[in-house]
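# Coordinate inspection notes
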Amino acid sequence: MNKRIIFGIVIIFVMTLSAVLAPFVARYDPLKMDLSEDARLEKPSREHFFGTDNLGRDVFSRMVYGARISLSVGFIAVFISLGMGIFLGGISGYYGGWIDSVIMRIVEIMYCFPTFFLIMMVITFLGPSIVNVMIVIGLTSWAGICRLVRAEFLSLRERDFVQAAKVQGVSNFRIIFRHILPNAMGPVYVSATLSVGGAILVESALSFLGLGIQIPEASWGSILTAGKVYIDYAWWLTLFPGLAILITVLSFNLMGEGLREVLDPKLRERK
Amino acid sequence: MENILKIKDLTVTIGGKEVLSDVDLTLLPGKISAIVGESGSGKTMMSLAILDLLPDVAARISGEILFRGKNIFDMDNKEKQNMRGNSISMVFQEPFTALNPVMRVGEQITETIAAHKIISEEKIQGCLKGLLKMVKLSEDIASCYPHELSGGMRQRIMLAIALSCDPEILILDEPTTALDVSVQKEILDLVMGIQKERCFSILFITHDFSIVNMVADEVHVMKNGRVIEKGAKEIIFKSPENEYTRHLIDCIPKLGDERERLPESE
């Protein structure tokens, strides 16, 4: 099997597993502060793998719990955008005509908007919370998947087996979701995997700006923010969450690339 | 006898060009009508027109298609969907592309039944077994994907799909063209056998007059979107009036006919 996929899956699996089993993996309560002088901003040690922050909290434990937030934002946001993208792209490509024109104009508008500022604006409007972040990232990132699905549908709907299903009186709904969609999923899997990485980055950026997760809870982005003041002498506060984001996003991208190679026969032969 | 399907003065254009001009056709219950013609003569367009599934670029200029006296162009979408597969069914030329590659063939057979009848899953599975038996395939084929089957087997599956709801009319659009000769014969025998048993009407589209000779009661010869000659098979074969028909009949390879042989190499 493809090495990149294996690397990606292993990292993602370990990350997800430790996020799910956070209470067993983390040795300390991520919210428990210790304000005594020698417990604050402690260097990484056997006691505290990634050191402690300015309030004496264990950075490793905070990051393990933070993984729950970061990863679930990634997955749920992509889930929302997949749902929307597949549904709209599917009916757009299948029916064509004015439905297609309307949906494609909306997609173009979505593309023209600087998405990040749109997300920031909406979050400021709705109030910063992690649920809002998930929904808003999902609702602003479906355009790419929509186009992808539409393009697949445009070619698949002309295939004989679609015509054959129509001849047998199979309903449009079933033709779209049972006949065409499974044939169109290859590129969608690739794009979805890559989007998870993107969504995690956006969440980190939002939390970094204070628009995502609210204190005292933490995601990787907000741990970064908290650490930036001390970057001169407490490098571990920014290095580890930064690395976690980097490695996770990298794993999703590698997995996406690997999937693309496996699913796209045109790329397979080039070695 | 009352006709089951009647096409009256059907004219269809694509991009200003007439692909069907003033086509008239009558299909009687329990009879097999062949439509013969070369590629591009409008045979497939006609079969698609009967199901009102002409491509978007095609425009119907005039004419009507009456199924049991009702014009199919006047039906609403629901009636049409009900008619397709249930009353009028079709087998395509290419069994390789007409089956969904990512769906088990069993499900592809049962979905037509499920689309038209409200019956329990158990009964549907019963129907599936009956259908597979009818087309002489074993039951465990149902869990195969299309790529695991041979061309002949796939065409049998297509036939099972088309006959799953006991249609009154079966359109066969060059069902054997993509198969090799021995499999061709098997499929034709199978279709004819089932037709004798169930007595549905067949519209058999082909370019091969030798097949027409084997199966048809009536023959319509098409050229450039027009029906240029029609009549009972015996009459057409014995005394074709049209030059073109005569050419097509002459194309049937005859036993002992040495004319077209290549000279033997020395």
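Located above this text is the structure these notes cover.
All residue numbers refer to position in the chain's written sequence, counted from 1. To label them, take the chains in the order written and letter them from A, then take the ligands in the order written and number them from 1. In keeping with the predicted nature of the model, local features appear solely for residues at pLDDT of at least 70, side-chain atom pairs appear and are counted solely at 80 or more, and the whole-chain, interface and lining totals rest on all residues. Side-chain numbers come from the whole structure's heavy atoms, not from hydrogens or water.

### Some remarks on the overall build of chain B
Strands here mean DSSP runs of E at least two residues long; helices mean DSSP runs of H or I at least four residues long; both are numbered from the N terminus. From N to C terminus, chain B includes nine helices and ten strands. Computed over C-alpha atoms, the radius of gyration of chain B comes to 19 Å, within 12% of the 18 Å expected from 2.2 N^0.38 for 266 residues, which places it in the range of a compact globule. Going through the 266 residues of chain B one by one, you find that 50% of them count as buried. To be clear on the numbers: accessible area is Shrake-Rupley with a 1.4 Å probe, and residue cover counts the displayed protein chains and nothing else. As displayed, chain B has an accessible area near 13,200 Å², and 50% of this comes from carbon and sulfur atoms. Distance between charge centroids for chain B: 4 Å, based on 31 positive and 41 negative side chains. With C-alpha atoms as the basis for the radius of gyration, the globule rule is written as 2.2 Å multiplied by the number of residues raised to the power 0.38. Exposure categories follow from relative accessible area, calculated using a 1.4 Å probe and restricted to protein chains: below 20% of the type maximum is buried, above 50% is exposed, and the middle band is partly exposed. Note that His is not counted, nor are the chain ends; the positive residues are Lys and Arg, and the negative ones are Asp and Glu. Think of each charge as sitting on NZ of Lys, CZ of Arg, CG of Asp or CD of Glu.

### What to know about the side chain of Glu174 of chain B
Residues and elements named next belong to chain B. Mapped onto the elements of the fold, Glu174 is located in the loop between strand 7 (169–173) and helix 6 (181–198). With a relative accessible area of 7%, Glu174 lands in the buried category. Engagement of the side chain of Glu174 in a polar contact is seen with the side chain of Lys43, the distance being 2.9 Å. Of note is the side chain of Glu174, whose polar atom sits 2.7 Å from the side chain of Thr177. In protein, a polar contact requires one atom able to donate a hydrogen and another able to accept it; more generally it is a pair of N or O atoms within 3.5 Å, and residues adjacent in sequence count only if both atoms are side-chain atoms.

### A closer look at the packing of aromatic side chains
Residues and elements named next belong to chain A. What counts as a ring pair is set by centres within 6.5 Å for rings of Phe, Tyr and Trp (its six-membered ring), and what kind of pair is set by the plane angle: stacked under 30 degrees, edge-to-face over 60, tilted for all other angles. Enumeration over the complete set of coordinates arrives at eleven aromatic pairs over all chains. Centroid distance Phe87 to Phe177: 6.4 Å. Interplanar angle 10°. Geometry classified as stacked. A residue pair is termed long-range when its members are at least 10 positions apart, and Phe87 in helix 3 (residues 59–95) and Phe177 in helix 9 (residues 172–208) qualify at 90 residues. Residue Phe177 is classed as partly exposed on the basis of its relative accessible area of 25%. With 6.2 Å between their ring centres and 80° between their planes, Tyr230 and Tyr233 make a pair best called edge-to-face. Look at Tyr230 and you get buried, because its relative accessible area is 17%. Owing to a relative accessible area of 53%, Tyr233 belongs among the exposed residues under this scheme. Lysine and arginine charges are scored as sitting over a ring when NZ or CZ, respectively, is within 6 Å of the ring centre and within 35 degrees of the ring normal. The ring of Phe208 is capped by Lys228, whose NZ or CZ atom sits 5.3 Å from the centre of that ring.

### Let's talk about the pairing of strand 4 (residues 58–67) of chain B
All names here are of chain B. In terms of strand pairing, strand 1 (residues 5–14) meets strand 4 through eight bridges, oriented antiparallel. Its bridge partner being in strand 4, Lys6 is matched across the sheet by Leu66. Bridge count between strand 4 and strand 5 (residues 70–71): two bridges; the pairing is antiparallel. Each residue of the ladder has a partner; that of Phe67, found in strand 5, is Lys70. Each pair of strands is called paired provided DSSP finds at least two bridges between the two strands. Here strand 4 folds back onto strand 5, and the loop between the two strands holds two residues, one of which, Arg68, carries a positive phi near 50°.

### Structural notes on helix 1 (residues 43–50) of chain B
An α-helical segment advances 3.6 residues per turn. Residues three or four places apart therefore align on the same side. All names here are of chain B. Here helix 1 lies mainly inside the structure; six of its eight residues are buried. For helix 1, the complete set of buried residues consists of Lys43, Met46, Ser47, Leu48, Ala49 and Ile50. Phi turns positive one or two residues past the end of helix 1, at Asp52, with a value near 50°.

### With respect to the sheet that holds strand 9 (residues 218–223) of chain B
Residue and element names in this part refer to chain B. Ordered in space as 6-7-8-3-9-10, the six strands form an open sheet in which the pairing is mixed. Of all the strands in the sheet, just strand 6 (88–91) and strand 10 (226–232) have a single pairing partner and so form its edges. Here the average twist between neighbouring strands, direction ignored, is 15°. The pairing of strand 3 (residues 32–36) with strand 9 spans four bridges and is classified as parallel. Note on strand 9: the bridge partner recorded for Ser33 is Glu218. In the packing of helix 5 (residues 151–162) onto the sheet, contacts are made with strand 6 and strand 7, and the angle to strand 6 comes to roughly 175°. When checking whether two residues touch, look at their non-hydrogen atoms; a contact exists if any pair is within 4.5 Å. Only the stretch in contact is used when a helix axis is fitted, and all axes are lines through C-alpha atoms; the angle between N-to-C directions ranges over 0 to 180 degrees. Relative to strand 8 (residues 201–206), helix 6 is tilted by about 160°, and along the sheet it contacts strand 3, strand 7 and strand 8.

### What about unusual backbone geometry?
All names here are of chain B. Positive phi values are uncommon outside glycine, yet Asp22 reaches one of about 45°. Accessibility expressed as a relative area gives 44% for Asp22, which makes it partly exposed. Phi at Lys136 takes a positive value of approximately 60°, unusual for a residue other than glycine. Note that Lys136 resides in the loop between helix 4 (121–134) and helix 5. For Lys136, a relative accessible area of 62% translates into the label exposed.

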